[in-house]
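# Descriptive analysis of the structure
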Amino acid sequence: VGTSNRERGLQRTTILDAHPRNREEADKYSVLLPTYNERENLPLIVWLLVKYFGESGYNYEIIVIDDGSPDGTLQIAEQLQKIYGDDKIVLRPRAKKLGLGTAYIHGIKHATGNFIIIMDADLSHHPKFIPEFIKKQKEGGYDLVSGTRYRGDGGVYGWDLRRKLISRGANFVTQVLLRPGASDLTGSFRLYKKDVLERLVERCVSKGYVFQMEMIVRARQLGYTIGEVPISFVDRVYGESKLGGNEIVSFLKGLLTLFATT
Amino acid sequence: MTKLLEWLLGVSLVGVAWGLVTFDLLDLQLPAAYKEVAWPMPVYLLVVFGCYSLATIGYRVATFNDCEEAAKELQAQIQEAKDDLKKKGLKM
């Protein structure tokens, strides 16, 4: 008739342990979202993240790192925090635009997860792939999982012939020179173990596209394992994205630097 | 070793081998056929590599997946998200 509190406690623990998600989920995934003028996109990307993480049952948090956006991105983020809770939406803004590498460092400092997901906040990366990243990581115990547009059924939407040519050409040159063991080096949709990301960001000195490339190259140098998941990249739902001569030149400079120094 | 050094090493080895055969530097008295084949090899290999590169890049560009459905799905989800967020009180 009267079960003691202790016995009831044990029963409750057993029932909860039986639920598959509660058993494994010491894992927590921190999504880093560096933002600059993403007032329109931020609510949408957060909604999608909440949807797919919610469905998957994994424990997560979204860390918004806004670099003093003049368009009110931070205010929108605060509204989202009220809607979804400040355990799920974490705000760590900065005063001004300071660059991606430091945004990652800043984000990692405040991340309570043991895995970090980096992605673009402009809807070119779709959160539906995150459960696939997680699955891949668990399958192989990978130190990092990289989304690739160049393999399997990965691909892009919204690129003209010129853009595709430059992309494939640049990737080919990179493969020949660096033999990196990953098919998509300039992609920025990735899952890292937190300590792995920390170590890599410390060592990387490049900027822009080349920064993402350097992360993979250094990961290989340090003996980390890399898994890949095909992703679709939908370019620029809002606004424009041009790849001009300047960017190509700085890419080549960065590539040659990596070639000569790693 | 950096990738640059690997390449320099590789090119040097190939270069030495080519020089030895083409100019008979070790006085090995190789048949003339060897020299005739070896002499144009560097240019030949460069041309082959050039063609391979163009063909590979061309093939990859031609087979680059166009994610039409992903774009459509995203558009639909954007609308769904906007409606849902409005209900939850977001002022955009």
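Residues numbered from 1 in each chain as written. Chains lettered and ligands numbered in written order. Predicted model: local features only at pLDDT ≥ 70, side-chain atom pairs only at ≥ 80, totals over all residues. Heavy atoms only, no water.

Let us now look at the UniProt feature "domain: Glycosyltransferase 2-like" (unreviewed entry) in chain A. Mapped onto the present numbering, the UniProt feature "domain: Glycosyltransferase 2-like" (unreviewed entry) falls at residues 30–200 of chain A. Across residues 30–200 of chain A one finds 44% helix and 19% strand; the C-alpha atoms that close the span lie 17 Å apart. (UniProt positions renumbered as here; feature names shortened; annotations may be inferred. Helix = DSSP H or I, 4+ residues; strand = E, 2+ residues; numbered from the N terminus.)

Per the UniProt record, the feature "coiled-coil region" (unreviewed entry) sits at residues 64–91 of chain B. With 71% helix and 0% strand, residues 64–91 of chain B has its two end C-alpha atoms placed 39 Å apart.

Turning to the pattern of salt bridges, a few remarks are in order. In a structure, side chains of opposite charge can pair up when their charged atoms sit close to one another. All names here are of chain A. Within the structure shown, the criterion is met by 14 salt bridges over all chains. Notably, a salt bridge pairs D184 with R149, separated by 2.7 Å at the nearest N-O pair. Linking D184 in the loop between helix 7 (161–178) and strand 7 (190–193) with R149 in the loop between strand 5 (144–148) and strand 6 (155–157), this pair joins segments that are 35 residues apart in sequence. Grouping residues by exposure puts D184 and R149 together as buried. (Salt bridge = Lys/Arg side-chain N within 4 Å of Asp/Glu carboxyl O. Buried < 20%, exposed > 50% of the residue type's maximum accessible area, 1.4 Å probe, protein only.)

As a further point, take the packing of aromatic side chains. Each aromatic ring pair is specified by the distance between its two centres and by the angle formed by the two planes. Considering all chains together, one arrives at 14 aromatic pairs over all chains under this definition. Arranged with centres 4.7 Å apart and planes meeting at 40°, the rings of A:F133 and A:F189 form a pair that is tilted. With A:F133 in helix 6 (residues 130–140) and A:F189 in the loop between helix 7 and strand 7, the pair connects residues that are 56 residues apart, well separated along the chain. The class of A:F189 is buried, set by a relative accessible area of 1%. Relative to B:W39, the ring of B:W18 has its centre 5.9 Å away and its plane inclined at 20°; by these criteria the two rings are stacked. Residue B:W18 is located in helix 1 (residues 3–22), and its partner B:W39 is located in the loop between helix 2 (32–38) and helix 3 (41–62); the two are separated by 21 residues in the primary sequence. A residue is classified by how much of its surface remains accessible, and B:W18, at 24% relative accessible area, is partly exposed. (Phe/Tyr/Trp six-rings, centres within 6.5 Å; stacked < 30°, edge-to-face > 60°.)

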